[in-house]
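Chains, contacts and geometry: an overview
Next come the chains, spelled out residue by residue.
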Amino acid sequence: QLEIKSGTAGRARCAALICMLLGRVLIARCVATAFRPAPRAVRLSTLPAAMIDLTQDSPPQKKRRTEATPSGALVHTLARTHNVQEHTIGAVRRLLVDEQRTVPFVARYRAQETQHLPPDALRAILDALHGAAALEAKRQKVLEAMRAANASPEALSAARRAGTLRALDDAYAPFKGSAKCSKAAKAREDFPASDRIVASLLARGEEPRHLHPKQKECVLLVLADAVAKDPRARAATQRRFVRGTVAAKKGKEPNAEYRFYEGWSRPLRRVAGHAWLALERASKAKALSLSIDPGGDDREAVRDLAQCLNLRHSKFAAPALKDAWTRLLKPRGRREAKRDGLLRAKDEAIACFASNVKKLLEQAPPLIDDGSVLAVDPGFRHGHKCCIVSGRDGSLLTHFTVDAPGAEDDMKQASKRLDGMIGDHTITCVAIGDGTNTRGAQRLVASTPKLSKVPRAVVRECGASVYSASDSAAKEFGENVPLSARGAASLARRLLDPLGEYVKL
């Protein structure tokens, strides 16, 4: 409120007042800074959006073991598999592992550094790097445990050369302690010198002498345990089960669903993935009894064990070799053969499902600007559930039910009813579910005058019942629309917009 225009005196007073105010402000800020409390940790939610790095995985995923540097052999194999240079594999590791970038970000914005590798190749390389890191981490623990057990240089070298987790487990098996309740553990407690006698027998072929029957029994049990843990014996067992067969017979609770597999037998190499899954389901339901047998008889298997362990001329070790095969190695081979078959079958099933879903989601929907889509959910007892959906936005216009016709006269009446229920709606295409009585629904549509020349499509019904009873369907259609009408509307929308409808499942 100063009168600045009043002349020189007024301007001087104004300048003095402004300087005084600025001085007070500066003094107040200095005092506030001096007595300001320690800054608190700022939460991520309070930060501005511009400070969040969107190239990182959000929410942050749990980091897997990837600290170990991949070996040169692995880098060379990955480079040869994906037809890129070796330094590209290093760039992929730096981006995905060290910098924790996402695959979409690297595939789109770092394509020059990765030689334009597709996302599938980037994920495959990342999985291989994670697997190699996990193997190296376990290898270090195994080597440390083997050194503590005074392992020989040959055993340590075998553990270093192991390229898979199974090979590493086989190399570590002789130095892994037995279970406290096993026969070998009890034999070691009864006769502590058993390990020394078994070691001299396996290393130099020196057979023990002057043993009491109880001591001999203890030594044979420890020898059988050592044979079962020997990598050479395990490798021989795996080779024998590669030539094995799997057979199925009727179980305690037979089921007509699995009658095809009763008396079924195939070589392990030729068992398809879907057969493994079916056999596993039937085995859990006790509808079938599975048996996996190695190639050849037990005598031949025992002779192979004696040959690979240099015990062909040892009469003392013959009972232990037979015991190791029948009690330890053979059951273990069966478990591994079944586990490998199921793992391979599950991988094939997931790949097949992914391929089918990709084709299903990427199919081109029909271009419908005007008109409507008639959806028919076929059935027998409850009839054909029908609904008419707008071709523009997929909204439900009307729904009704047509009895499933049996004789020719019933077909004419059902066709007449369907023709009348359509009314003034302009049907551009018809979506028919692939469930029960889909053939009858197709004949009904073809015999209807208003639909005889309209294009028809058979759509999958998988998940329609689940979606119709979900909360999202109730909110979308309302509680007054019955479940059958919701499922039929879902069939029509799967024809109009497959990706938008299937993603709801």
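Residues numbered from 1 in each chain as written. Predicted model: local features only at pLDDT ≥ 70, side-chain atom pairs only at ≥ 80, totals over all residues. Heavy atoms only, no water.

Turning next to the sheet that holds strand β2 (residues 264-267). Across the sheet, three strands lie side by side as β2-β1-β3; this open sheet has antiparallel pairing. Of all strands in the sheet, those bounded by a partner on one side alone are β2 and β3 (288-293). Neighbour to neighbour, the strand axes of the sheet diverge by 15° on average, direction disregarded. As paired elements, strand β1 (residues 245-250) and β3 share six bridges and run antiparallel to each other. In the sheet register, threonine 245 faces β3, and the bridge partner there is aspartate 293. (Pairing = 2+ DSSP bridges. Helix = DSSP H or I, 4+ residues; strand = E, 2+ residues; numbered from the N terminus. Axes fitted to C-alpha atoms, helices over the stretch in contact; angles between N-to-C directions.)

The next point concerns the sheet that holds strand β6 (residues 396-402). Pairing within the open sheet is mixed, and its five strands lie in the order β6-β5-β4-β7-β8. Looking at strand neighbours, the two that pair on one side only are β6 and β8 (456-459), the edges of this open sheet. Pairs of neighbouring strands in the sheet enclose a mean axial angle of 20°, with direction left out of account. Of the pairings in the sheet, the one linking strand β4 (residues 372-377) to strand β7 (residues 427-433) comprises five bridges and is parallel in character. Residue pairing across strands places valine 376 opposite isoleucine 432, the latter belonging to β7.

Below, the discussion takes up the packing of aromatic side chains. This structure, assessed with the given rule, holds three aromatic pairs. Each ring, one from phenylalanine 105 and one from tyrosine 109, has its centre 5.4 Å from the other, and the planes form 45°; the classification is tilted. Note that phenylalanine 105 and tyrosine 109 are positioned in helix α4 (residues 103-109) at a spacing of four residues, about one turn of the helix. Note on phenylalanine 105: relative accessible area 13%, which makes it buried. Taking 5.2 Å as the distance between ring centres and 80° as the angle between the ring planes, the aromatic pair formed by phenylalanine 260 and tyrosine 261 counts as edge-to-face. On the accessibility criterion, phenylalanine 260 (60% relative accessible area) is exposed. You can call tyrosine 261 buried: its relative accessible area is 10%. Joined through ring pairs, the aromatic side chains of Phe260, Tyr261 and Trp264 make up one cluster. (Phe/Tyr/Trp six-rings, centres within 6.5 Å; stacked < 30°, edge-to-face > 60°. Buried < 20%, exposed > 50% of the residue type's maximum accessible area, 1.4 Å probe, protein only.)

What follows deals with the pairing of strand β5 (residues 384-390). When you tally the buried positions in β5, you get seven out of seven residues, the bulk of the element. The alternating pattern of β5 places His384, Cys386, Ile388 and Ser390 on one face and Lys385, Cys387 and Val389 on the opposite face, and all of these are buried. Both β4 and β5 contribute to a ladder of six bridges, which runs antiparallel. Each bridged residue has a counterpart across the sheet, and for aspartate 377 the counterpart in β5 is lysine 385. Bridge count for β5 against β6 is six bridges, and the pairing is antiparallel. Bridge assignment links valine 389 to a residue of β6, and that residue is leucine 396.

Before going further, it helps to spend a moment on the pattern of salt bridges. When the charged atoms of two side chains lie near each other, side chains of opposite charge can form a pair. Enumeration according to the criterion identifies 28 salt bridges in this entry. Between arginine 94 and glutamate 113 there is a salt bridge, and its shortest N-O distance comes to 2.6 Å. You can see arginine 94 sitting in helix α3 (residues 86-98) and its partner glutamate 113 sitting in the loop between α4 and α5 (119-148), a full 19 residues away along the chain. A relative accessible area of 32% means that arginine 94 is categorised as partly exposed. Residue glutamate 501 is joined to lysine 504 by a salt bridge in which the shortest nitrogen-to-oxygen separation is 3.2 Å. Residue classification places lysine 504 among the partly exposed positions, given a relative accessible area of 36%. Look at the salt bridges and you will find they share partners, linking Arg94, Glu99, Arg101, Arg110 and Glu113 into a network. (Salt bridge = Lys/Arg side-chain N within 4 Å of Asp/Glu carboxyl O.)

Here the largest pocket defines a volume of roughly 730 Å³. Forming the walls of the largest pocket are 23 residues, and the residues nearest its centre are Pro174, Phe175, Leu202, Ala226 and Asp230. At the level of elements, α6 (153-161), α9 (194-204), α10 (213-229) and α11 (231-242) are the ones that each hand at least two residues to the lining of the largest pocket. Grouping the amino acids of the lining of the largest pocket by side-chain chemistry returns twelve nonpolar, two polar and nine charged. Approximately 470 Å³ is the volume attributed to the second largest pocket. Surrounding the second largest pocket, 22 residues form its lining, Ala228, Arg234, Leu328, Arg332 and Arg335 being those nearest its centre. Residue assignment for the lining of the second largest pocket shows that the elements contributing at least two residues are α7 (165-172), α8 (183-190), α10 and α14 (318-361). For the lining of the second largest pocket, the element with the highest residue contribution is α14, accounting for nine residues. Per-class residue counts for the lining of the second largest pocket are eight nonpolar, two polar and twelve charged. (1 Å grid on protein atoms, 1.4 Å probe; cavity = no way out; pocket = protein on both sides within 12 Å on 5 of 7 lines; lining within 4 Å. Points joined across faces, edges and corners; volume = space filled by probe spheres on them. Nonpolar A, V, L, I, M, F, W, Y, C, P; charged D, E, K, R; others polar.)

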